Amino acid sequence: MEKREKGAIVRAVKEKNEALASSLGKPLGVYIVTFGCQQNEADSERLRGMAHEMGYVDADTPDEASLILLNTCAIREHAELKTLSVIGSFKKCKEKNPSLLIGVCGCMAAESHRVEELRHRYPYVDFTLTPAGIGNLPSAILDRISGGRRCFYLDTPDTVLDETPIARTGGHRAYVSIMYGCNNFCSYCIVPYVRDRERSRPSCEVVAEVLSLVRSGVKDITLLGQNVNSYRSDVDFPALLSMLDEIPGEYILRFMTSHPKDASDALVDVIAHAKHVEPHFHLPLQSGSDSVLHRMNRRYTLEKYMGVVKKLRAVLPDIALSSDIIVGFPGETDEDFEDTMRALEEIRFDSVYSFIYSPRRGTPAAEMEGQVPSDVAGARFTRLLERQADISREKNLPLVGKEVRVLADGPSKTDSSVFSGRTDAGKLVHFKADAEAVGKFITVHIDRAESFALYGTVTSK
Ligand code: 5AD
Ligand code: SF4
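Residues numbered from 1 in each chain as written. Chains lettered and ligands numbered in written order. Predicted model: local features only at pLDDT ≥ 70, side-chain atom pairs only at ≥ 80, totals over all residues. Heavy atoms only, no water.

Observations regarding the site of ligand 1
For step 1, the next point in the chain: If you check the shell around ligand 1, you find Ile75, Arg76, Tyr188, Gln286, Asp324, Ile326, Phe355, Ile356, Tyr357, Ser358 and Arg360 and nothing else.
For step 2, the next point in the chain: In this structure, Arg76 approaches ligand 1 through a side-chain N or O atom, which is 3.1 Å from an oxygen atom.
For step 3, the next point in the chain: Residue Ser358 places a main-chain N or O atom 2.8 Å away from a nitrogen atom belonging to ligand 1.
For step 4, the next point in the chain: In the complex, the protein chains occlude 86% of the 400 Å² of accessible area that ligand 1 would expose alone.
For step 5, the next point in the chain: Mapped by element, the contributors of at least two residues to the shell around ligand 1 are strand S13 (320-327) and strand S14 (351-356).
For step 6, the next point in the chain: Of the residues assigned to the shell around ligand 1, the class counts are six nonpolar, two polar and three charged. (Near = heavy atom within 4 Å. Polar contact = N/O pair within 3.5 Å; in protein donor to acceptor, adjacent residues only side chain to side chain. Areas by Shrake-Rupley, 256 points an atom, 1.4 Å probe, with all protein chains shown as cover. Helix = DSSP H or I, 4+ residues; strand = E, 2+ residues; numbered from the N terminus. Nonpolar A, V, L, I, M, F, W, Y, C, P; charged D, E, K, R; others polar.)

Structure representation (C-alpha cells):
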C-alpha cells in the first residue's frame, strides 16, 4: 500500500480520474451498497465522502459506475451469503466495463477465510478493506489504477479516528460515530474480531460535529458505537451526553447500542434530566436465562438487568425500551427459553429485534456443545415473535387519542400522500401530509396503534 501523504494520494487519484472522465466525456460514478447495521451506514457515508473527494459522483445504477463498493456485514451467516450473491451479480458489470473497480469493505473483509474466498472465487474483486482500514480507500484505488495487483488488505493502518470527509445521505437525520470496536467478546459475536478493540473520539470533536449538524438544520442525531455507553475519552458517556445536550436548538439526540454492564446511574440521571435526549433506551438483553447469559459472556444476570430497567422507569415511567434477543444459543434448553419468555412478560419491551443464533467461525460459541436444531430454534423464534408483537401492540395502544411530536420523513413508496415519521421515542408513525412537512417536527393525533406502527392525523405543523 502507498506510503505517500493522504492529501497527495487523493490528488493523484483525482487527476487520473479527471483524465479518464474527460476521455469518456462524463464524470466517473461511484455505486455503494451497504449491508448491516447503522455503524455500517455511517462508514458508508465516509466511503462516499472519500469517493467524492477523489472526483467520483453518485451513480444511480451499478452499470453506470466506475467504482462499486460493498460495505459488508458478518454478524450472521445469512448476511454473508446475501452479500456474496450481490458481489456475484457485479461480475457482468466488470465484463462490460473492464476498468470498473470493485472493492469489498467492512466486516466480511476482516475475516481471513472470506478474504481468501474473495481472492480465489471472485476474481473481479479488486481490493478489500477492513472496517478499521476504510480510510485507506484512496491508497487502494491509487495502487490499482496505477497497475498494481489485486489487494486484500487485512493489516492496513487503523484509520477509524482519522478525520475523513463524510457525505451524509440522511437529510434531517444524521449518524455520528463516537466510538468504534468492542472489548466484550460475547461468546457468539464476531464484532470484536472484525472491528477490533474500543477506540473513542475526543469529546471536542464529537461536540464540534454535533454543533455543526444542529446549526445546519439536522433535527435527529444518533450517536453510534458498538458499545456506545462504554465511550471513554477525556470524559465518559454520561458526561458527553450532557455536554451535547447543552447545544441550543430544536433537535433530538439518540444513541445506540448500549451494553447493560455500562448502564450506570449517572447515565440514567442524564437521560432523565436532558432536554434533547430521546425517551427511549435500546438495551440488548440477549436472553432471560442466567445460565445462557453466563455462557454468552454477557457479564450480568437477569436481576441486574431488571435493576437498570427499574431505575429507568422510576425516573421516566413512559420511557420506551427496546432490546435484542437471540434464540437457540448452544445449550439453550426449553427451560432457558421459558425464562426468556417470562422476561418478556415482566419487562414488556416496546419492541424487540430477535435473531436465531448463527454460529460464527472463530467465536467460542461456535465450538460449544449442544447446538440447537434449527427446527427447535425456529419454533422458539416464532413463538417469541408472536408474543412480542402482541406486547408491542399493547404498549402502543395507550398512545391512541394522544397528540405526539413527530419528526416527519418522506412519503411512502406505495402512496405518495401517506408520510412516515418517528416520535421522540423512535416509534414509527404514518399520517397524511405533504412534502412541506418533511424534516419538521409536527404534532400528530394518534388514531390507531398496531404492533410495528402508529397511524394518525396531523394537527399542527
Ligand atoms: N447470531 C445471532 N445473532 C447475533 N447477534 C450478534 N451475533 C449473533 C449471532 N452470532 C445479534 C445480537 C446483537 C445484534 C446486533 O445481533 O442480538 O445485539
Ligand atoms: Fe458483539 Fe457483545 Fe460486542 Fe455487542 S457487546 S458487539 S454483542 S461482542
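Some remarks on the sheet that holds strand S19 (residues 454-460)
For step 1, the next point in the chain: Sheet architecture is closed into a barrel: five strands sit in the order S15-S16-S17-S19-S18, paired in mixed fashion. Strand-to-strand, the axes of this sheet are offset by a mean angle of 50°, without reference to chain direction. (Pairing = 2+ DSSP bridges. Axes fitted to C-alpha atoms, helices over the stretch in contact; angles between N-to-C directions.)

Structural notes on the environment of Ala366
For step 1, the next point in the chain: Summarising the element assignment, Ala366 is placed in the loop between S14 and helix H14 (374-396).
For step 2, the next point in the chain: With 33 residues separating them in the primary sequence, Ala366 and Thr333 have C-alpha atoms 17 Å apart.
For step 3, the next point in the chain: Here Ala366 is in contact with Tyr357, Pro359, Arg360 and Gln371, once residues within four sequence places are set aside. (Contact = heavy atoms within 4.5 Å.)

Points about the packing of helix H13 (residues 334-347) against H14
For step 1, the next point in the chain: Where H13 contacts H14, the axes come no closer than 10 Å and their chain directions differ by 10°. One way to sum up the angle between H13 and H14 is to call them roughly parallel. On H14, the residues that touch Asp334, Phe337, Glu338, Thr340, Met341, Leu344 and Glu345 of H13 are Arg380, Arg383, Leu384, Arg387, Gln388 and Ile391.
For step 2, the next point in the chain: Residues of the contact of H13 with H14, tallied by class, amount to five nonpolar, two polar and six charged. (Parallel < 35°, antiparallel > 145°, perpendicular 65-115°, else oblique.)

Structural notes on helix H2 (residues 38-53)
For step 1, the next point in the chain: For H2, spanning 16 residues, the distance from its first C-alpha to its last is 23 Å, which sits close to the expected 22 Å at 1.5 Å a residue.
For step 2, the next point in the chain: Across the 16 residues of H2, twelve count as buried, placing the element largely inside the fold.
For step 3, the next point in the chain: When we look at burial in H2, the residues that qualify are Gln39, Asn40, Ala42, Asp43, Ser44, Glu45, Arg46, Leu47, Arg48, Gly49, Met50 and Ala51.
For step 4, the next point in the chain: Looking at the residues trailing H2, positive phi occurs at Gly55, about 100°. (Expected span 1.5 Å × (residues − 1). Buried < 20%, exposed > 50% of the residue type's maximum accessible area, 1.4 Å probe, protein only.)

Some remarks on the site of ligand 2
For step 1, the next point in the chain: Taken together, Cys182, Asn184, Phe185, Cys186, Tyr188, Cys189, Val191, Pro192, Gln226, Asn227, His259 and Arg298 make up the full set of residues adjacent to ligand 2.
For step 2, the next point in the chain: The residue inventory of the shell around ligand 2, partitioned by class, reads seven nonpolar, four polar and one charged.

Some points on the nonpolar core
For step 1, the next point in the chain: Core analysis: the biggest nonpolar cluster contains 65 residues, and Ile178, Val210, Leu223, Phe237 and Phe281 have the highest contact counts within it.
For step 2, the next point in the chain: In terms of residue count, the dominant contributor to this core is helix H12 (residues 302-315) (six residues).
For step 3, the next point in the chain: Sequence-distant contacts of Leu223, defined by excluding residues within four places in its chain, comprise Val176, Ile178, Val210, Val228, Phe237, Leu241, Leu244, Arg254, Phe255 and Met256.
For step 4, the next point in the chain: Within the second largest apolar cluster, 28 residues are counted, among which are Ala59, Cys73, Val115 and Val125. (Core = buried A, V, L, I, M, F, W, Y, C linked by side-chain atoms within 4.5 Å.)

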